[in-house]
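Analysis of the macromolecular model
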Amino acid sequence: MPASVKDVAALAGVSSSTVSNYLNHPHVLGAASREKVRAAIEQLGFVPNESARQLRAGSSKALALILLDAWLPYFHDLSRGVDDVARERGWSLFFSNSDRDRDRERHNIDMFEAHRVQGIVIYPLGDVVPRLEQLADRGIRSVVIGPIRESPTVASVTFDDHGGGRLAGEHLLSLGRRRLLFLGTPAVTESNNRLAGLREAVAGTDATVSVTDVDHLTTEDGLRAGARIAALPPHERPDAVFAANDMVALGVLTPLLRHGIRVPEEIALIGFDDVAEAHQSVVPLTSVRQPGYEIGRAAGTALLQQLADPTARPPATTPFPAELVVRESTRGR
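What comes next is a walk through the structure. (Residues numbered from 1 in each chain as written. Predicted model: local features only at pLDDT ≥ 70, side-chain atom pairs only at ≥ 80, totals over all residues. Heavy atoms only, no water.)

Right, let's talk about empty space enclosed by the protein for a bit. Applying the stated criterion across every chain yields a total of 2 cavities of 30 Å³ or more. In this structure, the largest cavity occupies an estimated 150 Å³ of space. Surrounding the largest cavity, 18 residues form its lining, Leu72, Phe75, Leu217, Asn245 and Asp273 being those nearest its centre. Mapped onto the lining of the largest cavity, the elements with two or more residues apiece are α5 (73–88), α9 (189–202) and α11 (246–258). Per-element accounting of the lining of the largest cavity gives the leading share, 3 residues, to α5. Along the lines of polarity and charge, the residues of the lining of the largest cavity split into 11 nonpolar, 2 polar and 5 charged. The volume enclosed by the second largest cavity comes to roughly 60 Å³. The wall of the second largest cavity is formed by Tyr123, Ile145, Gly146, Pro147, Val157, Thr158, Phe159, Asp161, Glu190, Gln290 and Ile295. The residue makeup of the lining of the second largest cavity, split by class, is 6 nonpolar, 3 polar and 2 charged. (1 Å grid on protein atoms, 1.4 Å probe; cavity = no way out; pocket = protein on both sides within 12 Å on 5 of 7 lines; lining within 4 Å. Points joined across faces, edges and corners; volume = space filled by probe spheres on them. Helix = DSSP H or I, 4+ residues; strand = E, 2+ residues; numbered from the N terminus. Nonpolar A, V, L, I, M, F, W, Y, C, P; charged D, E, K, R; others polar.)

Written out as structure tokens, the structure is:
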């Protein structure tokens, strides 16, 4: 028969409430009490019946993270930030991937509501605020990573995508580039904001901005776009490419180099996010740094602040500022 809380308490020589505090609020116990309970748990092989505890409490000490595209490196960094905050505060974190599918995104939200999580961090594809406000009425709080309309119950953590696009454009103009190509997807608000910043930078200059839409902001999208660029006559090619994320930019780089097109001498290349792969590339990539880990931590912290005081309005957060990291793909070697 599995050991119980009472068994642990008896062996440790403490009360059942002390064992309960060890499991749920260890910081309230002294070091000696924690060590007694820990040793008893180890000796008995005790495993807390978390499911039963949650059912008695009417809720789970669990959070959920819903990602737009979990396979992109930026989202690896972001999820690690959320997870670290959750673990530090004694919460469990469940992950799901919407894979840029609106129906799947809705399903993921419904699934986590059914599993009685207490809070959700989401990087959404569409406008999910109305649905999240419904969840708030049922006691489930949320944080959106990205811009949203003002809400009395849903918080957001944002990045200055527009400013990042402007920095990229200003840098390319300073290098004398005038035929700029933007690679992004209109389905993602952040991509559109980066394009708007680029256009702001070139407004009133003799530079032009052309746009090619890509499907999912993946390396494969970049490979296809790069192949199309390489197939153009030299005088029709852009002299600079700004991609909405690093993976697209790195995809573009490969066919350019295969076709003997020099980067940055003939085509300067800028990405967005500054993931590890950007500086590890054969031609290190200039990129707008978006600190995924720090953004994830900020989102997790904002969510736990709401859960600590459900009557308070969502905490205000300042957009993370854009920073351009210049490397060989624009400055040469």
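With that out of the way, let us pick up helix α3 (residues 31–44). Compared with an ideal rise of 1.5 Å per residue, which puts 14 residues at 20 Å, α3 spans 20 Å between its outermost C-alpha atoms and is within 8% of the ideal. Residues of α3 that are buried: Val37, Ala40 and Ile41. Relative to the axis of α3, the buried residues are bounded by an arc of 100° and lie together on one face. Projecting away from the buried face of α3 at angles above 90 degrees are the exposed residues Ala31, Ala32, Glu42 and Gln43. In this structure, the buried side of α3 is in contact with α1 (5–12) and α2 (16–24). Remark: Gly45 follows α3 within two positions and exhibits a positive phi of approximately 70°. (Expected span 1.5 Å × (residues − 1). Buried < 20%, exposed > 50% of the residue type's maximum accessible area, 1.4 Å probe, protein only. Arc of directions from axis to C-beta. Contact = heavy atoms within 4.5 Å.)

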